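Working through the structure, step by step
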Amino acid sequence: MPDDSFVLLLKGLYQPVVHAPNLGLSTVDLDDGSYSTTQIYPVSGIPGNKTGKKAVGNFYVQLNGDLCAYHIPGGSFAMRFTGNDFVFVPDGQGGQFLEGTFELTILEGTGIYRTFEGGHNHMVDKLHFLAPGDGSGGLEEYCFCFISRA
């Protein structure tokens, strides 16, 4: 069972979701074509690999919406973005960073995360919008998620 709060790191390039797993969540439809995914690394408070060097799950987000889902050891949970405070900063290579914070409400959970329903996620984000000329033109995530029951 996780503590009353835990911390995760979202890290890596976003990829479109093509064939989503069934996470047992009713508030998100990961197969609707609106989601992208990146990897989740442990920081503190969850089961699984404790070194932080190996991904333990996947994060799914609507880049043009307000829903997301996490799938980590012990279960899954869905959230809705409810607030933000961020700025864009040029990266000096033709891309830009989105730097700031996001607030989310936990809508539902499965497995050991059921008790987090109604809880909160405070994200501290540095999302890199890569320059189109670098060959990818994608998004690279580096975001700490402070998840709590209250």
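Residues numbered from 1 in each chain as written. Predicted model: local features only at pLDDT ≥ 70, side-chain atom pairs only at ≥ 80, totals over all residues. Heavy atoms only, no water.

**Points about the sheet that holds strand β4 (residues 67-72)**
Defined as follows: One requirement defines pairing of two strands: DSSP has to find at least two bridges between them. For the purposes of this entry, the term helix denotes a DSSP run of H or I that reaches at least four residues, the term strand denotes a run of E that reaches at least two, and both are numbered from the N terminus. Note on geometry: axes are C-alpha line fits, over the in-contact stretch for helices, and angles between N-to-C directions span 0 to 180 degrees.
Strands sit in the order β1-β2-β3-β4-β5-β6-β7-β8 around a closed barrel of eight strands; the barrel is antiparallel. Adjacent strand axes in the sheet meet at a mean angle of 30°, parallel and antiparallel pairs treated alike. Of the strand pairs in this sheet, strand β6 (residues 96-109) and strand β7 (residues 120-129) are connected by ten bridges, and their pairing is antiparallel. Counterpart to Phe-102 in the pairing with β7 is Met-123.

**A word on the side chain of Thr-38**
We count it as follows: Burial classification: accessible surface area is computed with a 1.4 Å probe over protein chains only, and a residue below 20% of its type maximum counts as buried, one above 50% as exposed, and the rest as partly exposed. N or O atoms closer than or at 3.5 Å make up a polar contact, with two conditions inside protein: a donor-capable atom paired with an acceptor-capable one, and, for residues adjacent in sequence, both atoms drawn from side chains. Here, two residues are considered to be in contact whenever any of their heavy atoms come within 4.5 Å of each other.
Note that Thr-38 resides in strand β2 (residues 35-44). For Thr-38, a relative accessible area of 3% translates into the label buried. Polar side-chain contacts of Thr-38 include one of 3.4 Å to the backbone oxygen of Lys-11. Among the polar contacts made by the side chain of Thr-38, one reaches the main-chain carbonyl oxygen of Leu-13 at a distance of 3.5 Å. With sequence-adjacent residues up to four places away left out, Thr-38 is seen in contact with Leu-10, Lys-11, Gly-12, Leu-13, Tyr-14, Gly-57, Asn-58, Phe-59 and Glu-141.

**Let's talk about the nonpolar core**
Which entries qualify depends on this criterion: Residues grouped as a nonpolar core are buried Ala, Val, Leu, Ile, Met, Phe, Trp, Tyr and Cys residues, joined through side-chain atoms within 4.5 Å.
Within the largest apolar cluster, 26 residues are counted, with the highest numbers of intra-cluster contacts made by Phe-6, Leu-8, Phe-59, Tyr-70, Phe-77, Met-123 and Ile-147. Those elements that place two or more of their residues in this core are β1 (5-16), β3 (57-62), β4, β5 (75-90), β6, β7 and β8 (139-148). With eleven residues, the next largest nonpolar core counts Leu-23, Leu-30, Tyr-35 and Leu-67 among its residues.

**Re the packing of aromatic side chains**
Two numbers describe a pair of aromatic rings. These are the distance of the centres and the angle of the planes. Where we set the bar: Only Phe, Tyr and Trp rings are paired, with Trp represented by its six-membered ring, and only when their centres lie within 6.5 Å; those with planes under 30 degrees apart are stacked, over 60 edge-to-face, the remainder tilted. Two thresholds decide whether a charge sits over a ring: the Lys NZ or Arg CZ must be within 6 Å of the ring centre and within 35 degrees of the ring normal.
For the structure on display, the rule yields twelve aromatic pairs. Ring plane angle 85° and centroid distance 5.9 Å describe the contact between Phe-81 and Phe-102, whose orientation is recorded as edge-to-face. Of this pair, Phe-81 sits in strand β5 while Phe-102 sits in strand β6; the two residues are 21 residues apart in sequence, bridging distant segments of the chain. Residue Phe-81 is classed as partly exposed on the basis of its relative accessible area, which comes to 21%. Among the aromatic residues, those joined into a ring-pair cluster are Phe-6, Phe-59, Tyr-70, Phe-77, Tyr-113 and Phe-116. In this structure, Lys-11 packs its charged tip against the face of Tyr-41, placed 5.5 Å from the ring centre.

**Considering the side chain of Thr-110**
For Thr-110, the position within the fold is in the loop between β6 and β7. With residues up to four places along the chain from it excluded, the contact list for Thr-110 reads Leu-23, Gly-24, Leu-25, Gly-74, Gly-75 and Ser-76.

**Focus on the pairing of β3**
In terms of residue burial, β3 counts as a mostly covered element, since five of its six residues are buried. Both β2 and β3 contribute to a ladder of six bridges, which runs antiparallel. Note that in β3 the partner of Gln-39 across the bridge is Asn-58. One ladder, built from four bridges, connects β3 with β4; its direction is antiparallel. Each residue of the ladder has a partner; that of Tyr-60, found in β4, is Ala-69. From the end of β3 to the start of β4, which pair antiparallel, there are four residues.

**Things to note about the environment of Gln-96**
Tracing the backbone through its elements, the reader meets Gln-96 in strand β6. Between the alpha carbons of Gln-96 and Asn-121 there is a distance of 24 Å; along the sequence they are 25 residues apart. Setting aside its immediate chain neighbours within four residues, Gln-96 contacts Phe-88, Val-89, Pro-90, Asp-91, Leu-127, His-128 and Phe-129.

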